[in-house]
Amino acid sequence: MKNEHDVVIAGGGLNGPALGLALVNAGLNVAVVDAAPERARSAGNFDGRAYALALSSVRLLQGIGIWQELAGQSQPITKVVARQGRQGDIGPFGLFFDGAEIEEGLLGHMLEDRFLYRALLAAMQERLSFLPGTKVIAQQADPGGINVSLSDGRVLRARLLVGADGRRSGVAERAGIDRTGWDYGQTALVAALDQSNSHDGTAHQIFLPTGPLAVLPLPGKRSSVVWSLTRSRAETIAALDDADFLSVLSPHLSDIFGDISLAGPRFSYPLSLTLANSYVAERVALIGDAAHGVHPIAGQGLNLGLRDVAALAESIVDAMRNGEDIGFATTLDRYQGWRRFDATTLALGMDSVNRLFSNESRLLASVRGMGMGAINAVPPLRRRFMRQAAGLSIDPMPRLLSGRPL
Ligand SMILES: Cc1cc2nc3c(=O)[nH]c(=O)nc-3n(C[C@H](O)[C@H](O)[C@H](O)COP(=O)(O)OP(=O)(O)OC[C@H]3O[C@@H](n4cnc5c(N)ncnc54)[C@H](O)[C@@H]3O)c2cc1C
């Protein structure tokens, strides 16, 4: 006897649970299967990981019913400052985005992973069938549905299997979906800082010749640092003790932050680009990093994934309401047409920005500086960039991202 579901989701990271909750709220029967044990990320200690959520992503979290408890734990991003500089020399030409210039009044929210994951976990435990510590190990599609085999011997039957199983998606591999991508030769060092000066809700992106350094505001006098460096340099800096790490980092921050100290452990993430060559296969759809693993340069990885969640949820729910089979190619093609071009364009855009800025050329530095200065000098252009960063210019905008019910 097989367990019957409308949708089985492989992957209980962030995008899988968000999709699961959107679908159960619309009346579907959903199971989320996650290889990681339930407690791995829910211990609740501050671990330095945090996300810059676009306003449209926040609307989705409101729509699936978890933002209410998260709002008080988030930090509104009111301004973004992007500029380039060498050590101790932050250039004069930069981009200055102020949320007050758009009607929403802010540009996004910073939220720590521990709060977001815990809220998703609690909601999953209450509302859907969540199977932690279990792997999807095989899948077999047929005209009527798909059988999903689990590591504990169970077989789940569904109309659709969603791969939300990250950059090395087994769901994609088993469905015969190839990937395109490359290694950036860079590693991101991630940490949280306590600082003596207030950050005022300002997010900083500092383009250093060695790679981009993002310093993003967290509640209180605390910031999250994502520092992308060439791999060998990152390894050298990661091996330093905390005091030496801070003495290497602080000259890049000039005096904006005052005295700084580490607020938690440091992490290293090797950076690569990986794009699935298709987001769909027979009775299979991919979302999040399983579909597109991107450079963290503009903090857009999760935001892109949540756009997939909104578009796929809407495609599935509309098909269900029209009496169609939710796992049919027409539903899946609609989803892929909605998302693949947008995600690929953004992934390659971030790739180009990283290449353009992560080098030592002084000539390129002055061209880049003039480019940023020129955008900054034209208010309508500046506002267009702001709306894009806040995820407000997606066309067509899925209902969940525009604050409408699914
Ligand atoms: C340094 C860094 C900084 C970042 N900063 C930002 C930011 O500021 N803003 C932003 O929007 N994004 C950011 N991102 C990107 C963001 O972290 C990712 O896009 C996001 O976490 C991807 O979530 P996911 O659910 O798609 O995949 P994952 O989080 O990778 O989850 C995949 C899940 O699948 C499970 N799994 C794997 N195989 C199986 C299997 N066979 N069966 C069942 N389950 C399986 C795993 O256990 C895991 O839980 C950053 C990324 C990095 C590296």
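What counts and how
- Residues numbered from 1 in each chain as written.
- Predicted model: local features only at pLDDT ≥ 70, side-chain atom pairs only at ≥ 80, totals over all residues.
- Heavy atoms only, no water.
- Pairing = 2+ DSSP bridges.
- Helix = DSSP H or I, 4+ residues; strand = E, 2+ residues; numbered from the N terminus.
- Axes fitted to C-alpha atoms, helices over the stretch in contact; angles between N-to-C directions.
- Near = heavy atom within 4 Å.
- Polar contact = N/O pair within 3.5 Å; in protein donor to acceptor, adjacent residues only side chain to side chain.
- Areas by Shrake-Rupley, 256 points an atom, 1.4 Å probe, with all protein chains shown as cover.
- Nonpolar A, V, L, I, M, F, W, Y, C, P; charged D, E, K, R; others polar.
- Buried < 20%, exposed > 50% of the residue type's maximum accessible area, 1.4 Å probe, protein only.
- Arc of directions from axis to C-beta.
- Contact = heavy atoms within 4.5 Å.
- Phe/Tyr/Trp six-rings, centres within 6.5 Å; stacked < 30°, edge-to-face > 60°.
- Lys NZ or Arg CZ within 6 Å of the ring centre and 35° of its normal.
- Patch = residues over 30% accessible without salt bridge, like charges linked within 9 Å, V, L, I, M, F, W, Y side chains within 5 Å.
- Salt bridge = Lys/Arg side-chain N within 4 Å of Asp/Glu carboxyl O.
- Parallel < 35°, antiparallel > 145°, perpendicular 65-115°, else oblique.
- Left-handed = near helix turned anticlockwise from the far one by under 90°.
- 1 Å grid on protein atoms, 1.4 Å probe; cavity = no way out; pocket = protein on both sides within 12 Å on 5 of 7 lines; lining within 4 Å.
- Points joined across faces, edges and corners; volume = space filled by probe spheres on them.

Caption draft 1: Structural detail: the sheet that holds strand β7 (residues 108-112). If you walk across this open sheet you meet the three strands as β3-β7-β4, and the pairing is antiparallel. Because the sheet does not close on itself, it has two edges, and the strands there are β3 (50-54) and β4 (75-77). In this sheet, adjacent strand axes meet at a mean angle of 30° when their direction is disregarded.

Caption draft 2: The arrangement of the site of the ligand in detail. The environment of the ligand is formed by 29 residues, the closest being Asn 15, Asp 34, Asp 289, Gly 299 and Leu 302. One nitrogen or oxygen atom from the main chain of Leu 14 is found 3.0 Å from an oxygen atom belonging to the ligand. Between the ligand and Ala 52 there is a distance of 3.0 Å, counted from an oxygen atom to a backbone nitrogen or oxygen. Relative to its unbound accessible area of 1000 Å², the ligand is 82% covered by the protein chains. Those elements giving two or more residues to the shell around the ligand turn out to be β2 (30-34), β3, β12 (179-195) and α8 (301-321). Taken together, the residues that form the shell around the ligand break down as 14 nonpolar, eleven polar and four charged.

Caption draft 3: Structural detail: helix α7 (residues 242-249). Inspection of α7 places Phe 245, Leu 246 and Leu 249 among the buried residues, and these make up the whole buried set. In a view along the axis of α7, the buried residues occupy a sector of 95°, so they form one face of it. Where α7 is buried, its residues contact β12, β14 (211-218), β15 (222-230), α6 (231-238) and β16 (260-262).

Caption draft 4: A look at the packing of aromatic side chains. A complete count under the given rule lists two aromatic pairs for this structure. Its guanidinium or amino end placed over the ring of Phe 245, Arg 266 lies 4.6 Å from that ring's centre, counting from NZ or CZ.

Caption draft 5: Geometry of the side chain of Asn 303. Along the chain, the position of Asn 303 falls in helix α8. Apart from the residues lying within four places of it in its own chain, the contact partners of Asn 303 are Ala 52, Leu 53, Ala 54 and Ser 57.

Caption draft 6: Examining the pairing of β14 more closely. The element β14 is largely enclosed, with a buried count of eight among its eight residues. Relative to β14, strand β13 (residues 202-208) runs antiparallel, the two being bridged by five bridges. Residue His 204 lies in a different strand from β14, and its bridge partner there is Val 215. Two elements, β14 and β15, share six bridges in a ladder whose sense is antiparallel. Directly across from Val 215, in β15, lies its bridge partner Val 225.

Caption draft 7: Here's a closer look at unusual backbone geometry. Here Asp 395 and Pro 396 are connected by a cis peptide whose omega angle stands at -5°. Within the element layout of this structure, Pro 396 appears in the segment after α11 (379-389). With phi around 60°, Arg 283 is a residue other than glycine that occupies positive phi space. By the element assignment, Arg 283 lies in the loop between β18 (280-281) and β19 (284-286).

Caption draft 8: Structural view of a nonpolar patch on the surface. Taken together, Val 378, Leu 381 and Phe 385 make up a surface patch of nonpolar side chains, about 210 Å² in accessible area. As for its placement among the helices and strands, Val 378 is situated in the loop between α10 (362-377) and α11.

Caption draft 9: Fine view of the packing of helix α1 (residues 15-25) against α8. Contact geometry for α1 and α8: axes closest at 9 Å, N-to-C directions at 30°. As the angle between them shows, α1 and α8 are arranged roughly parallel. In this structure, α1 crosses over α8, and the sense of that crossing is right-handed. Contacts between α1 and α8 involve Asn 15, Ala 18, Leu 19, Ala 22 and Leu 23 from the former and Leu 302, Gly 305, Leu 306, Val 309, Leu 312, Ala 313, Ile 316 and Val 317 from the latter. Classifying every residue of the contact of α1 with α8 by side-chain character gives eleven nonpolar, two polar and no charged.

Caption draft 10: Up close: the pattern of salt bridges. Under the definition given, this model contains 16 salt bridges. Among the salt bridges present, the one from Asp 325 reaches Arg 283, with a minimum N-O distance of 2.7 Å. One end of the pair, Asp 325, is in the loop between α8 and α9 (329-357); the other, Arg 283, is in the loop between β18 and β19, with 42 residues separating them in the sequence. Residue class for Asp 325 comes out buried when judged on its relative accessible area of 15%. Taking the relative accessible area as the measure of exposure, Arg 283 reaches 3% and is therefore buried. For the salt bridge of Asp 342 with Arg 339, the shortest nitrogen-to-oxygen distance reads 2.4 Å. Pair noted here: Asp 342 and Arg 339 are both in helix α9, with a separation of three residues, about one helical turn.

Caption draft 11: Quick peek at empty space enclosed by the protein. Under the definition given, this model contains one cavity of 30 Å³ or more. The volume enclosed by the largest cavity comes to roughly 30 Å³. Lining of the largest cavity is provided by Gln 205, Pro 212, Ala 214, Val 226, Ser 228, Pro 296 and Ile 297. In terms of residue class, the lining of the largest cavity is made up of five nonpolar, two polar and no charged.

Caption draft 12: Region of the structure containing the environment of Glu 112. The topology assignment puts Glu 112 in strand β7. Relative accessible area serves as the criterion here: at 5%, Glu 112 is assigned to the buried category.

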